[in-house]
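# Survey of secondary and tertiary structure
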There are 4 protein chains.
Amino acid sequence: MDTIPTTAATLDDTWEVAGLRFRSRLIVGTGRYKDLEETGRAIDASGAEIVTVAVRRVNLGDPAAPMLQDFVDPKRYTYLPNTAGCFTAQDAVRTLRLAREAGGWNLVKLEVLGPPPFLYPDMRATFEALEALLKDGFQVMVYCSDDPIAAKRLEEMGAVAVMPLGAPIGSGLGIQNPVMIRAIIENAKVPVLVDAGVGTASDAALAMELGCDAVLMNSAIAHAREPVRMARAMKAAVEAGRHAFLAGRMPRQYAADPSSPLHAGVIGRN
Amino acid sequence: MDTIPTTAATLDDTWEVAGLRFRSRLIVGTGRYKDLEETGRAIDASGAEIVTVAVRRVNLGDPAAPMLQDFVDPKRYTYLPNTAGCFTAQDAVRTLRLAREAGGWNLVKLEVLGPPPFLYPDMRATFEALEALLKDGFQVMVYCSDDPIAAKRLEEMGAVAVMPLGAPIGSGLGIQNPVMIRAIIENAKVPVLVDAGVGTASDAALAMELGCDAVLMNSAIAHAREPVRMARAMKAAVEAGRHAFLAGRMPRQYAADPSSPLHAGVIGRN
Amino acid sequence: MDTIPTTAATLDDTWEVAGLRFRSRLIVGTGRYKDLEETGRAIDASGAEIVTVAVRRVNLGDPAAPMLQDFVDPKRYTYLPNTAGCFTAQDAVRTLRLAREAGGWNLVKLEVLGPPPFLYPDMRATFEALEALLKDGFQVMVYCSDDPIAAKRLEEMGAVAVMPLGAPIGSGLGIQNPVMIRAIIENAKVPVLVDAGVGTASDAALAMELGCDAVLMNSAIAHAREPVRMARAMKAAVEAGRHAFLAGRMPRQYAADPSSPLHAGVIGRN
Amino acid sequence: MDTIPTTAATLDDTWEVAGLRFRSRLIVGTGRYKDLEETGRAIDASGAEIVTVAVRRVNLGDPAAPMLQDFVDPKRYTYLPNTAGCFTAQDAVRTLRLAREAGGWNLVKLEVLGPPPFLYPDMRATFEALEALLKDGFQVMVYCSDDPIAAKRLEEMGAVAVMPLGAPIGSGLGIQNPVMIRAIIENAKVPVLVDAGVGTASDAALAMELGCDAVLMNSAIAHAREPVRMARAMKAAVEAGRHAFLAGRMPRQYAADPSSPLHAGVIGRN
């Protein structure tokens, strides 16, 4: 039940961030797997072209220990260093500077979280870090709340992409506020990615149906019972949602739709 | 952003109805398209192996008019005659007898609908028609309400598959009652297909994530702005949902989950 | 924060079943409480005028044991005997005949459930029992699935009210299929009551906003941490939902409503 | 079907903001009505003790024109001046200073919105205005996004209450993100009010069930077909939701709950 025929129409459906062009609209994390071998196989199955790397958590430099690069080839995938584990602007900026010195990465993902248990994006610290990173010449994709005004401001400051949360990190709750994700998309001139909150395939499809440019996830794949198979599910879900968005869904309609007021009298009962 | 690598694992994931084995879990209707040429292209893109044919509405026999068979090859697709347009048990039975005489079809889909505007399955007439069709030796897949007891009874009478509605025909509202669909699935020994109600790709993925064997749709593809592209979306969505079901989703979890009671005091505010 | 001023307008808002007129639109069960004293206090707080009594389970006759009548005054409340615990039409009919002999009740609630774990209404047995009860001269309110055709047929047979489930008995899941509840309401000439599935106050309000005539519940009150307070919550919720239905809600509207298709181009991004 | 008996338990259930104690947990706006007479009657029916007043829009001073005070008695209601119509921090601060000079109000509601069509709270401008108002000695209740970190920061700066949006102003969409509203409530030491987004009674009940201290609304009442009746609905809904929260709802449970993963094998089908 696999293989979608690749047509010219689809080959043309690419998206661009920071001057780079991608066909896959699924970005995946590299953490939380059983081991690096599973990490590599799941990412392969996902079809992702970009992978996020938690600079603080991943071994990128000690050749004596297993290295991510041995399982996720940096020549094949665009590494996107992120600031997972940073709870202040200073930490985030410092972490990305070190990453650039070590690996030369200039395109980065900024996330500054508030404290547990909510781990919600700390927008004040995020703005502060973004300002510093832009001054340093980074190209920054920014994880943010689902606030359309904040998202617009990030864009105006110079973020190359905005990445509102679908739901809190690691929750798997699915897209909690599609109205606001949609508002951000309608209002944006840079790519919008839904980042965090996807729990299963239909969540990813829904995110794409809202019109976003791509989806980023980690736990939904890594914490599934069978991560590799879930990675394939997510690949197909993102493609499904993208095609559905472009295809333009049928209108919803029904005689007894409870979302429209029931006018007593019109319907013929008291 | 296409082509999922076909692995042995997926090739093995087939389902069976009435002794026939299928790889595609998407069944599509042949009506409501602009013309038969579009019908053929959309069905091709959907990857379906079974197509439903409204015996009363489709030209299967007049060689002077355009014929479905010229666009949807009966050698490639399993034709599943249905009783669309029949509002009584007698009509439904008569229609399928004529279909068998004309085309030799023995595997059929029974649907008997109540009157507009609701077009809900008429279960009493459905039971009556099923009984007559089984006596006649038909193998019958049955469209039904999302009532787990009725579904079980259909199975016990001899239906080869039960097909509860996701939402009313043509509504595009998505799966309205996942709890009951799930109950039917858990309780069934024959294949369960969600039939009617799918509006977009995420709806189809969700149906599969509930554990059903396949999904049947028509308007969601035919009434999309671009039916052929939506057919591809649905193909990918059904695969995504199936893989996600088999992969076993991550648990939902969050500190502030509003579905669990908030115990005043426990949380430390008045 | 209590006491709503009673105006003439509200006093006039009554409903009628089997020739009896009621002001309260909340019907409550008498089972599942800690003890009969709590039962009595909760029912008092609920403002209910009708209470259901599970004939098979409640002591209505042994003066040596605590009796429901001592805590829930049959002069103050209309007792509505029901067939809880009956899994066949025969059992249900026999139970209500015994109840009529013992207590003279003629207005009854019929429910015939399928087997655990789903406890869904067994509609075939329900039709059969209804026919027998109507021949016997009972006035029957009927618990049923959310199937608008079945509900109409019950009405046409002579049921004095139809009572579709909001969700399975004891689940507390809330109204699972508002579209179908709404279809039943629009289509009915007898009172429609949502019966089963309410979990908390907002569920009861929502049921009333759909336009039903009354709501029936038991576990939502009896299994709350504080049943008496929850009974007051439900009283207020049913009144709230009824007034909201009559008042006619504001239209839903928003620029970024994700329920309408996002037309690429119209919005100005690719 | 009215009048909830007022018990001591309820009389004790008050909430406090800025040293003032209230029994009603419903705060209502004074704008958007047909005329001031309807405004007065709806507010009376709502049972509110606090009303918001859009300083820029309401005639509080011209004795030749109809004046709000003639219909909504300032001795009976606590007037809460707000900054509706202000799109910058400067405007908001200036508006409230003028209000204080004119009417002596010190307890105020701050809202600074972003541009149409989204009218989402502009959090940066809100922080800036709050800082200035606190320096000026105002006691400030603050309309904000549903961001738990921003809400905490407002509290730490000195806001006397935080008021996250349920949905965009005037949308009537209901509570869009209960998870985040709940997170804000669990995390707060000052009162949390859901402000904006309520469309009908069940929305208000749900907001209270999440554990917030009060609900603020305007359009849901003023734009109902019958505003006075809807005001009564909202009074009852807020009481219902508050009682339900305190009573502690029953657990949700069902054999076929689709929110838990269906383990193939456990259920006994392939």
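All values reported here derive from a predicted model rather than from experimental measurement.

A count of helical and extended segments in chain A gives ten helices and ten strands. Computed over C-alpha atoms, the radius of gyration of chain A comes to 20 Å, within 12% of the 18 Å expected from 2.2 N^0.38 for 270 residues, which places it in the range of a compact globule. Overall size of chain A, expressed as C-alpha extent along the three principal axes, is 80 × 45 × 40 Å. For chain A, with 270 residues in total, the buried portion stands at 64%. Carbon together with sulfur atoms contributes 52% to the accessible area of chain A, which is approximately 9,300 Å² in total. Both charge centroids of chain A, one from 28 positive and one from 31 negative side chains, sit 2 Å from each other.

This paragraph deals with the pairing of strand β3 (residues 26-29) of chain C. The side chains of a regular strand alternate between the sheet's two faces. All names here are of chain C. Of the two faces of β3, the one holding Leu26 and Val28 and the one holding Ile27 and Gly29 are both buried throughout. Relative to strand β4 (residues 50-54), β3 is paired through three bridges, and the arrangement is parallel. Directly across from Val28, in β4, lies its bridge partner Val51. Read from β3 through helix α2 (residues 36-46) to β4, the crossover connection turns out right-handed.

Below, the discussion takes up the UniProt feature "binding site: 1-deoxy-D-xylulose 5-phosphate" (unreviewed entry) in chain A. According to UniProt, the feature "binding site: 1-deoxy-D-xylulose 5-phosphate" (unreviewed entry) maps to Gly170(A), Ala196(A), Gly197(A), Asn218(A) and Ser219(A) in the numbering used here. The named residues occupy 50 residues along the chain; their greatest pairwise C-alpha distance, 9.4 Å, places them in one compact cluster. Turning to its location among the elements, Gly197(A) is positioned in the loop between β9 (193-195) and α8 (201-209). Classification of Gly197(A) by relative accessible area gives buried; the value is 6%. Discounting chain neighbours no more than four positions away, the residues touching Gly197(A) are Gly166(A), Ala167(A), Pro168(A), Ser171(A), Gly172(A), Leu173(A), Gly174(A) and Asp203(A). Dropping the residues within four chain positions of it, Ser219(A) is found in contact with Arg32(A), Gly170(A), Ala224(A) and Met250(B). Engagement of the side chain of Ser219(A) in a polar contact is seen with the side chain of Arg32(A), the distance being 2.6 Å.

Residue and element names in this part refer to chain C. Taking 1.5 Å per residue, 15 residues should reach 21 Å; helix α4 (residues 89-103) reaches 21 Å between its end C-alpha atoms and fits that length. Residues Ala89, Asp91, Ala92, Val93, Thr95, Leu96 and Ala99 constitute the buried set of α4. At the C-terminal side of α4, Gly104 shows a positive phi close to 80°.

Moving on: the state of the cysteines. All names here are of chain A. Within the structure shown, the criterion is met by zero disulfides over all chains. In this structure Cys212 is not part of a disulfide, and its nearest cysteine sulfur, from Cys144, lies 12 Å away. Overall, Cys212 belongs to the buried group, its relative accessible area being 0%.

What follows covers the UniProt feature "active site" (unreviewed entry) in chain A. All names here are of chain A. As annotated by UniProt and renumbered to match this structure, "active site" (unreviewed entry) occupies Lys109. With respect to the helices, strands and loops of the structure, Lys109 is situated in strand β6 (residues 107-110). On the basis of relative accessibility, which here comes to 3%, the residue Lys109 falls in the buried class. Excluding residues within four positions of it along the chain, Lys109 makes contact with Thr52, Leu80, Pro81, Asn82, Thr83, Leu96, Met141, Tyr143, Met163, Asp195 and Leu216. Polar side-chain contacts of Lys109 include one of 2.9 Å to the side chain of Glu111.

This brings us to the packing of helix α2 (residues 36-46) of chain A against helix α10 (residues 227-247) of chain A. All names here are of chain A. Following both chains from N to C, one finds α2 and α10 inclined at 20°, their axes separated by 7 Å at the closest point. As summarised for this structure, α2 and α10 are arranged roughly parallel, according to the angle between their axes. Between α2 and α10 lies a crossing of right-handed hand. Across from Glu38, Arg41, Ala42, Ala45 and Ser46 in α2, the residues of α10 making contact are Pro227, Val228, Ala231, Arg232 and Lys235. The class makeup of the residues in the contact of α2 with α10 is five nonpolar, one polar and four charged.

Inspection of every chain in the model, using the stated rule, returns 57 salt bridges over all chains. Between Asp13(A) and Arg242(A) there is a salt bridge whose closest N-O contact spans 2.9 Å. Residue Asp13(A) is found in the loop between α1 (8-11) and β1 (15-17), and its partner Arg242(A) is found in helix α10; the two are separated by 229 residues along the sequence. Arg242(A) carries the same exposure label as Asp13(A), and that label is buried. When the shortest N-O distance is used, the salt bridge between Asp195(D) and Lys109(D) registers 2.7 Å. A residue pair is termed long-range when its members are at least 10 positions apart, and Asp195(D) in strand β9 (residues 193-195) and Lys109(D) in strand β6 (residues 107-110) qualify at 86 residues. Considered together, Asp195(D) and Lys109(D) belong to a single accessibility category, that of buried residues. Among the ionic contacts, a cluster of salt bridges with common partners joins Asp13(A), Arg25(A) and Arg242(A).

Residues and elements named next belong to chain A. Across chain A, the average pLDDT comes to 90, with 90% of residues at or above 70. Predicted confidence is poor over residues 261-270, with pLDDT under 50, and the contacts of this stretch with residues over four places away or in other chains come to 18 contacts. What the predictor reports for the complex is a pTM of 0.92 with an ipTM of 0.92.

Time to look at the interface of chain B and chain A. Counting residues at the interface gives 60 residues for chain B and 60 residues for chain A. Roughly 5,400 Å² is buried in total at the junction of chain B and chain A, and carbon and sulfur atoms are behind 60% of that figure. Run the count over chain B and chain A and you get zero salt bridges. For the pair chain B and chain A, the number of links is 20 residue pairs in polar contact (both at pLDDT 80 or more). Secondary-structure elements contributing two or more residues to the side of chain B that touches chain A are α1 (8-11), α8 (201-209), α9 (219-222) and α10 (227-247) of chain B. Taken together, the residues that form the side of chain B that touches chain A break down as 29 nonpolar, 17 polar and 14 charged.

Direction vectors running N to C along helix α10 (residues 227-247) of chain C and helix α9 (residues 227-247) of chain D enclose 155°, while the axes themselves pass 7 Å from each other. The orientation of α10(C) relative to α9(D) falls into the category roughly antiparallel. You can see that α10(C) and α9(D) cross each other, and the crossing is left-handed. Contact with α10(C), carried on its side by Arg229(C), Met230(C), Arg232(C), Ala233(C), Ala236(C), Ala237(C), Ala240(C), His243(C), Ala244(C), Leu246(C) and Ala247(C), involves Arg229(D), Met230(D), Arg232(D), Ala233(D), Ala236(D), Ala237(D), Ala240(D), His243(D), Ala244(D), Leu246(D) and Ala247(D) of α9(D) and no other residues of that element. Grouping the amino acids of the contact of α10(C) with α9(D) by side-chain chemistry returns 16 nonpolar, two polar and four charged.

Looking now at the pairing of strand β7 (residues 139-144) of chain B. Residue and element names in this part refer to chain B. Within β7, five of the six residues are buried, which leaves it mostly tucked inside the rest of the structure. Here strand β6 (residues 107-110) runs beside β7; their pairing, made up of four bridges, is parallel. By the bridge assignment for β7, Lys109 is matched with Met141. A crossover connection joins β6 to the parallel β7 through helix α5 (residues 123-135); in handedness this β-α-β unit is right-handed. At this point the chain moves from β7, through helix α6 (residues 148-157), to the parallel strand β8 (residues 161-164), and the crossover so formed is right-handed.

This part covers the relation of the copies chain B and chain A. The two copies are related by a screw operation: chain B maps onto chain A through 180° of rotation and 0.0 Å of translation along the axis, at an RMSD of 0.0 Å. Here the two chains are linked by the operation of a two-fold rotation axis. A share of 100% of interface residues in chain B that are also interface residues in chain A marks the association as one of identical surfaces.

As for its position among the elements, Ser145(D) is in the loop between β7 (139-144) and α5 (148-157). Look past the residues within four positions of Ser145(D) in its chain and what remains in contact with it is Asp147(A), Tyr120(D), Pro121(D), Met123(D), Pro164(D), Leu165(D) and Ile184(D).

This part covers the nonpolar core. Residue and element names in this part refer to chain C. Core analysis: the biggest nonpolar cluster contains 72 residues, and Leu110, Leu154, Met217 and Met234 have the highest contact counts within it. It is α10 that provides the largest number of residues to this core, a total of seven residues. What Leu110 contacts, discounting residues up to four positions off in sequence, is Thr83, Ala92, Thr126, Ala129, Leu130, Leu133, Val140, Met141, Val142 and Tyr143.

Attention now moves to the layout of surface pockets. Taken as a whole, the second largest pocket holds about 940 Å³ of empty space. Met123(B), Phe127(B), Met123(C), Arg124(C) and Phe127(C) are, among the 46 residues lining the second largest pocket, the residues nearest its centre. For the lining of the second largest pocket, the secondary structure elements donating two or more residues are α5 and α6 of chain B together with α4, α5 (123-135) and α6 (148-157) of chain C. Tallied by class, the residues present in the lining of the second largest pocket amount to 25 nonpolar, seven polar and 14 charged.

Here Glu239(A) is to be found in helix α10. Polar contacts involving the side chain of Glu239(A) include one to the side chain of Lys235(A), which spans 2.6 Å.

Parameters at a glance
Residues numbered from 1 in each chain as written. Chains lettered and ligands numbered in written order. Predicted model: local features only at pLDDT ≥ 70, side-chain atom pairs only at ≥ 80, totals over all residues. Heavy atoms only, no water. Helix = DSSP H or I, 4+ residues; strand = E, 2+ residues; numbered from the N terminus. Rg over C-alpha atoms; globule rule 2.2 N^0.38 Å. Buried < 20%, exposed > 50% of the residue type's maximum accessible area, 1.4 Å probe, protein only. Areas by Shrake-Rupley, 256 points an atom, 1.4 Å probe, with all protein chains shown as cover. Lys, Arg positive; Asp, Glu negative; His and termini not counted. Charge placed at Lys NZ, Arg CZ, Asp CG, Glu CD. Pairing = 2+ DSSP bridges. Right-handed = clockwise from strand over helix to strand, strands pointing away. UniProt positions renumbered as here; feature names shortened; annotations may be inferred. Contact = heavy atoms within 4.5 Å. Polar contact = N/O pair within 3.5 Å; in protein donor to acceptor, adjacent residues only side chain to side chain. Expected span 1.5 Å × (residues − 1). Disulfide = S-S within 2.5 Å. Axes fitted to C-alpha atoms, helices over the stretch in contact; angles between N-to-C directions. Parallel < 35°, antiparallel > 145°, perpendicular 65-115°, else oblique. Left-handed = near helix turned anticlockwise from the far one by under 90°. Nonpolar A, V, L, I, M, F, W, Y, C, P; charged D, E, K, R; others polar. Salt bridge = Lys/Arg side-chain N within 4 Å of Asp/Glu carboxyl O. pLDDT = per-residue confidence, 0-100. Buried area = accessible area lost by both parts, 1.4 Å probe. Least-squares fit on C-alpha atoms with pLDDT ≥ 70 in both. Core = buried A, V, L, I, M, F, W, Y, C linked by side-chain atoms within 4.5 Å. 1 Å grid on protein atoms, 1.4 Å probe; cavity = no way out; pocket = protein on both sides within 12 Å on 5 of 7 lines; lining within 4 Å. Points joined across faces, edges and corners; volume = space filled by probe spheres on them.

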